[in-house]
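Given next are the chains, with one letter for each unit.
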Amino acid sequence: ATPTALLVGTGRGAQLGILIKGPQVLESTRAVDTVVLDKTGTVTTGRMSLLEVSAAAGEDRDEVLRMAGAVEAASEHPIAQAVARAAAERGGLPPVTGFAGLQGVGVSGTVEGRAVLVGRLGLLRERGYLVPAGVEQALGAARKAGRTAVVVGWDARVRGVLAVADVVRPSSRDAVAALRRLGLRPVLLTGDNDVVARAVAAEVGVDEVFAEVLPAGKVEVVKGLQERGRVVAMVGDGVNDAAALAQADLGLAMGTGTDAAIEAADLTLVRGDLSVAADAIRLSRRTLRVIK
Ligand code: ADP
Ligand code: MG
């Protein structure tokens, strides 16, 4: 590979809105046959809105939203921003202390002297939270409707369910089709619920889905595919995608994503447009053909 030809490739990349870490990156795309797509923030816009708050029996909906919003205000996660925004619209949010982001599962913090947890039901269960009747039904109903639902609890009891929804990026379906035309197999990978993941996958034309995967598990999914002989490109945006982006043969970060993802990736899709992923792979193949 002559450095000049590779540099021409990098220059063309910049024109297309692809930031390439170094000319050597283009070489690793040669054999890619699989593209793993993170769901939230990659296939979808990641701009979620809060659609529903349901309080557990005996709880107050406004209080459920206010407590959840107070903790989520300290998180950058798309779910957190939707919850915090909706809560703030109803009035000032109390401060949170001891905030912790629990990657891929939720958040915790202390609000008005109460220990509050927001996230997957499994997280609260693990911490010994009591789950009142009706909570699982509310979660199930929200998910059937294609929404991402999380629970909020404090003082060892689940208090309510928050349902948010996100929209698929308008270009995602075409982007998946373009990747297929390049002979690549698209795979959807998400920490989100299986029902929601399958609905999004169907909408964009992906049939291989790994859902309910914890952040540490995302790397394992990529490794697993590699062990089965697949050469993997991964596109992601989140802190929770960083390790998988580094593990992939080619890591592509959404320019709209987190710094952690951008640092771990080989390429950045500057405008956060998934269809540019196909351009990136096409460009590198073309560049290599010129070189060889
Ligand atoms: P994805 O893999 O689709 O980008 P994440 O790994 O970021 O999704 O999140 C996986 C799941 O963890 C979410 O669907 C949600 O249940 C829970 N979760 C993560 N962060 C938060 C948060 N800040 N607030 C509530 N729930 C969260
Ligand atoms: Mg994401």
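The chain is annotated in an unreviewed UniProt entry as Heavy metal translocating P-type ATPase from Actinoplanes oblitus.

A separate point is the site of ligand 1. Lining the immediate surroundings of ligand 1 are 23 residues, of which Thr40, His77, Ala80, Thr190 and Gly191 lie closest. Looking at the shell around ligand 1, the elements with two or more residues in it are helix 2 (39-43), helix 4 (78-89), strand 5 (106-111), strand 6 (114-119) and strand 7 (148-154). Per element, the largest residue contribution to the shell around ligand 1 is three residues, and it comes from helix 2. When the residues that make up the shell around ligand 1 are grouped by side-chain class, the tally is six nonpolar, 12 polar and five charged. Taken domain by domain, the makeup of the shell around ligand 1 includes at least three residues from each of domain 1 (3-45 + 167-291) and domain 2 (49-165).

Attention shifts here to the sheet that holds strand 7. Spatial ordering of the open sheet is given by 3-8-7-6-5-4, a layout of six strands whose pairing is antiparallel. The outermost strands of the open sheet, each flanked by one partner alone, are strand 3 (49-55) and strand 4 (96-102). Between one strand axis and the next, the sheet turns through 20° on average, direction left out of account. Contacting strand 3, strand 4, strand 5, strand 6, strand 7 and strand 8 (157-165), helix 3 (residues 61-72) runs over the sheet at an angle of about 105° to strand 5. Sheet contacts for helix 6 (residues 135-144): strand 3, strand 7 and strand 8; angle to strand 8, the most-contacted strand, approximately 5°.

This prediction gives the chain a mean pLDDT of 91; 94% of its residues lie at or above 70. This prediction of the complex comes with two scores: 0.81 for pTM and 0.92 for ipTM.

Another aspect to go through is the pairing of strand 2 (residues 34-38). Among the five residues that make up strand 2, five are buried, leaving the element largely enclosed by the rest of the structure. By the alternation rule, side chains of strand 2 split into Thr34, Val36 and Asp38 and Val35 and Leu37, which are all buried. Here strand 2 runs beside strand 9 (residues 185-189); their pairing, made up of five bridges, is parallel. Among the inter-strand pairings, Val36 is bridged to a residue of strand 9, identified as Val187.

Our next topic: the domain arrangement of the chain. Domain parsing of the chain yields domain 1 (3-45 + 167-291) and domain 2 (49-165). Taking the mean C-alpha position of each, domain 1 and domain 2 sit 31 Å from one another. Between domain 1 and domain 2, the residue contacts involve 12 residues of the former and nine residues of the latter. Sorting the residues of the side of domain 1 that touches domain 2 by element identifies helix 2 and helix 8 (194-204) as the ones contributing at least two each. A per-element tally of the side of domain 1 that touches domain 2 places helix 8 first, with three residues.

Attention shifts here to the sheet that holds strand 12 (residues 250-254). Two modes of strand pairing occur in sheets, parallel and antiparallel, and in both the strands are linked by backbone hydrogen bonds. Spatial strand order, 1-13-12-11-2-9-10: seven strands in an open sheet with mixed pairing. Among the strands making up the open sheet, the edge pair consists of strand 1 (18-20) and strand 10 (208-210). This sheet shows a mean twist of 20° between the axes of neighbouring strands, independent of strand direction. As paired elements, strand 2 and strand 11 (residues 232-236) share four bridges and run parallel to each other. Residue pairing for strand 11: Val36 is matched across the bridge by Met234.

Turning our eyes to something else, we now look at the nonpolar core. Counting residues in hydrophobic clusters, the biggest one holds 51 residues, and the most contacted among them are Ala233, Met234, Leu252 and Ala277. For this core, the element with the highest residue contribution is helix 12 (residues 275-291), accounting for six residues. The contact partners of Met234, leaving out residues within four places of it in the chain, are Val36, Val222, Ala244, Leu245, Ala248, Gly251 and Leu252. Membership of the second largest hydrophobic core comes to 41 residues, among which are Met67, Ala68, Val152 and Val164.

By secondary structure assignment, the location of Leu189 is in strand 9. Judged by local crowding, Leu189 falls into the buried class, with 28 C-beta atoms found within 10 Å. Sequence separation between Leu189 and Val235 is 46 residues; the distance between their C-alpha atoms is 9.7 Å. Every residue in contact with Leu189, bar those within four places of it in the chain, is listed here: Val36, Leu37, Asp38, Phe210, Val213, Lys218 and Val221.

Once that is clear, we can look at unusual backbone geometry. Its identity is not glycine, yet Asp155 carries a phi of approximately 45°, on the positive side. Note that Asp155 resides in the loop between strand 7 and strand 8. The backbone of Ala156 sits at a positive phi, close to 70°, despite the residue not being glycine. Looking at the secondary structure, you find Ala156 in the loop between strand 7 and strand 8. Ala156 sits in the exposed class, given 12 other C-beta atoms within 10 Å.

Conventions we followed
Residues numbered from 1 in each chain as written. Chains lettered and ligands numbered in written order. Predicted model: local features only at pLDDT ≥ 70, side-chain atom pairs only at ≥ 80, totals over all residues. Near = placed C-beta within 6 Å. Helix = DSSP H or I, 4+ residues; strand = E, 2+ residues; numbered from the N terminus. Nonpolar A, V, L, I, M, F, W, Y, C, P; charged D, E, K, R; others polar. Domains from an automatic or database assignment. Pairing = 2+ DSSP bridges. Axes fitted to C-alpha atoms, helices over the stretch in contact; angles between N-to-C directions. Contact = placed C-beta atoms within 7 Å. pLDDT = per-residue confidence, 0-100. Buried ≥ 20, exposed ≤ 12 C-beta atoms within 10 Å, placed from the backbone. Core = buried A, V, L, I, M, F, W, Y, C linked by C-beta atoms within 7 Å.

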